[in-house]
Amino acid sequence: MESEGKMIACYAAVAHGAGKPMVIEKIQVAPPGSTEVRLKIVHTSLCRTDITLWKNGNIFPRIFGHEAAGIVESIGKDVKGVQPGDHALTLFTGECKECDYCKSGKTNVCQKYGIDPERGVMVSDGKSRFLTEDGKTIYHFLGTSTFSQYTVVDQACICVVNKDAPLEKICLLSCGVTTGVGAATKAAKVEKGSTVAIFGLGTIGFAAAQGAKIAGASRIIGIDINPSKLEEGKAKFGLTDAINPKDHDKPVQEVIREMTNGGADYTIECVGNVNLIRDAVESAHEGWGVTVAAGLDESTKVLTVSPKNFLFGRWLTGTWFGGYKGRSELNQLVEKYMNKELNLDDFITHKLPLAKVNDAVTLMEEGKCLRCVLDANAV
């Protein structure tokens, strides 16, 4: 390939300060290192994590973005299982397949390529692969930096996928949808005929509802204060029941316990709000109820739950990326989409060019979109 081993000039949305609008700039992208892959981003979607860490970050200039699909442009000399021309999804939480965590079979967290918002360089050599036109460093984000026409990732942070799968749809599997589906199927281990209550109906919440449906849950209850989300969940994502806490004069956990004869078998909190996590725990059935925390928003706040909830036989656990090992297992969800078992289309409420990334941020902050897919070629 003509560009192999050379710098590539392209455009990217570069953030120069916390919360400052991202700017479309011409940048240079270096060739991949020995275990790295240079990827041409085709479509990337905006996740709330991008917004949170951009607004609260301290590493700039930086290229954000982590939910994306693209085509492999070139590979390092020691890369295995990836070839130029392959279609791939980026993985913000990697899978090296060599560390104790990866080998344990007990977790999808990787010691070497786990999520690190403070790391702005490549793991292999501590350097960036992004430069300004005049040669100054631009930093990476979550090992992916997908708000760019080209990016460099380690082979541990890429999943090769079926070339027949539409990249503008499956890019959603790089974060939010996978987290939600896995929260139900892998973390909670929802069983056929069970009852599931889902707190917070954004992308993760709706995906959790789909996961519960795939697992065969007989009753899937959505909880949100936005009436339109409740209706959308019933129409498109598998909810059988909907609760707006504002419509009741008693705590939502009491409402759920009454309507489920003691509590839901499984409850999933999809926002990261410590009060909602407490409500989810107290909505789970005594003796066997399981609560999964699948969101992360109020990371500086402390969860307060009475110990009696656990003495009476409830469990609280959490999940990262839905428990999926990206390289080994993410293709399971790609195939579910291809087989029409998993709905991705209805998550995409907006499509914009990469040049309009700041508009996408506004749409999400105003609660007007689930996922906005950005065309990386449109700058």
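For the structure, see preceding data.
For the structure given in this document, a descriptive report is provided here. (Residues numbered from 1 in each chain as written. Predicted model: local features only at pLDDT ≥ 70, side-chain atom pairs only at ≥ 80, totals over all residues. Heavy atoms only, no water.)

This brings us to the overall build of the protein chain. For the protein chain, the helix and strand inventory stands at twelve helices and 17 strands. Whereas a compact globule of 379 residues would reach a radius of gyration of roughly 21 Å, the protein chain reaches 21 Å, a difference of no more than 12%. In terms of principal-axis extent, the alpha carbons of the protein chain reach across some 65 × 40 × 40 Å. Here the protein chain holds 379 residues, and 55% of them are scored as buried. At a minimum sequence separation of 6, the contacts of the protein chain that also span at least 24 residues come to 69%. Averaging the positions of the 43 positive and the 45 negative side-chain charges in the protein chain gives two centres separated by 2 Å. (Helix = DSSP H or I, 4+ residues; strand = E, 2+ residues; numbered from the N terminus. Rg over C-alpha atoms; globule rule 2.2 N^0.38 Å. Buried < 20%, exposed > 50% of the residue type's maximum accessible area, 1.4 Å probe, protein only. Contact = heavy atoms within 4.5 Å. Lys, Arg positive; Asp, Glu negative; His and termini not counted. Charge placed at Lys NZ, Arg CZ, Asp CG, Glu CD.)

If you check helix 5 (residues 203–215), its first and last C-alpha atoms are 18 Å apart, about what 13 residues at 1.5 Å a residue would give, namely 18 Å. Counting buried residues along helix 5, ten of its 13 residues qualify, which places the element largely inside the surrounding structure. By the burial criterion, the buried members of helix 5 are Thr203, Ile204, Gly205, Phe206, Ala207, Ala208, Ala209, Gln210, Gly211 and Ala212. In the core, the buried residues of helix 5 are packed alongside helix 4 (176–187), strand 10 (195–199), strand 11 (219–223), helix 6 (227–236), strand 13 (266–269) and strand 17 (371–375). (Expected span 1.5 Å × (residues − 1).)

Geometrically, the link from Phe60 to Pro61 is a cis peptide bond, its omega value of -5 degrees lying close to zero. Mapped onto the elements of the fold, Pro61 is located in the loop between helix 1 (48–55) and strand 4 (67–75). Its identity is not glycine, yet Asn261 carries a phi of approximately 60 degrees, on the positive side. Among the secondary structure elements, Asn261 is positioned in the loop between helix 7 (252–259) and strand 13. Here Asn261 falls in the exposed class, since its relative accessible area comes to 68%. With a phi close to 55 degrees, Phe321 is a non-glycine residue in the positive phi region.

What follows covers empty space enclosed by the protein. Following the criterion strictly, the structure yields two cavities of 30 Å³ or more and no others. Of the pockets and cavities examined, the largest cavity occupies roughly 70 Å³. Lining the largest cavity are Tyr113, Arg119, Val121, Met122, Val123, Ser124, Gly143, Asp154 and Cys157. Looking at the lining of the largest cavity, its residues break down into five nonpolar, two polar and two charged. Of the voids in this model, the second largest cavity is the one considered here, and its volume is about 30 Å³. Lining the second largest cavity are Thr93, Gly94, Glu95, Cys102, Asn108, Tyr324, Lys325 and Gly326. Taken together, the residues that form the lining of the second largest cavity break down as two nonpolar, four polar and two charged. (1 Å grid on protein atoms, 1.4 Å probe; cavity = no way out; pocket = protein on both sides within 12 Å on 5 of 7 lines; lining within 4 Å. Points joined across faces, edges and corners; volume = space filled by probe spheres on them. Nonpolar A, V, L, I, M, F, W, Y, C, P; charged D, E, K, R; others polar.)

The next thing to look at is the packing of aromatic side chains. Counted under the stated rule, the structure contains six aromatic pairs. When the centroid spacing of 6.3 Å and the interplanar angle of 45 degrees are considered together, the rings of Phe60 and Phe64 count as tilted. Each member of the pair, Phe60 as well as Phe64, is classed as buried. Summarising the aromatic geometry, the rings of Phe206 and Phe237 are spaced 4.5 Å apart at their centres and angled 15 degrees between planes, so their arrangement reads as stacked. Residue Phe206 is located in helix 5, and its partner Phe237 is located in the loop between helix 6 and strand 12 (241–243); the two are separated by 31 residues in the primary sequence. A cation over an aromatic ring shows up here: Lys186 above the ring of Tyr324, its NZ or CZ 5.0 Å from the ring centre. (Phe/Tyr/Trp six-rings, centres within 6.5 Å; stacked < 30°, edge-to-face > 60°. Lys NZ or Arg CZ within 6 Å of the ring centre and 35° of its normal.)

In this section: helix 7. Residues of helix 7 that are buried: Val252, Gln253, Val255 and Ile256. Down the axis of helix 7, the sector holding all buried residues measures 160 degrees, keeping them to one side. Those residues of helix 7 that are buried are in contact with strand 10, strand 11, strand 12 and helix 8 (274–283). At the C-terminal side of helix 7, Asn261 shows a positive phi close to 60 degrees. (Arc of directions from axis to C-beta.)

Across soluble globular proteins, nonpolar side chains have a tendency to be buried as a group. Ranked by internal contacts, the top residues of the largest apolar core, which has 104 residues, are Ile27, Phe147, Ile170, Leu173 and Ile268. In terms of residues, this core owes the most to one element, helix 5, which gives six residues. Aside from chain neighbours lying at most four places away, what touches Ile268 is Ala183, Ala184, Val196, Ala197, Ile198, Phe199, Ala208, Val292 and Ala294. By size, the runner-up hydrophobic cluster in this structure holds ten residues, among which are Phe199, Ile256, Ala264 and Ala280. (Core = buried A, V, L, I, M, F, W, Y, C linked by side-chain atoms within 4.5 Å.)

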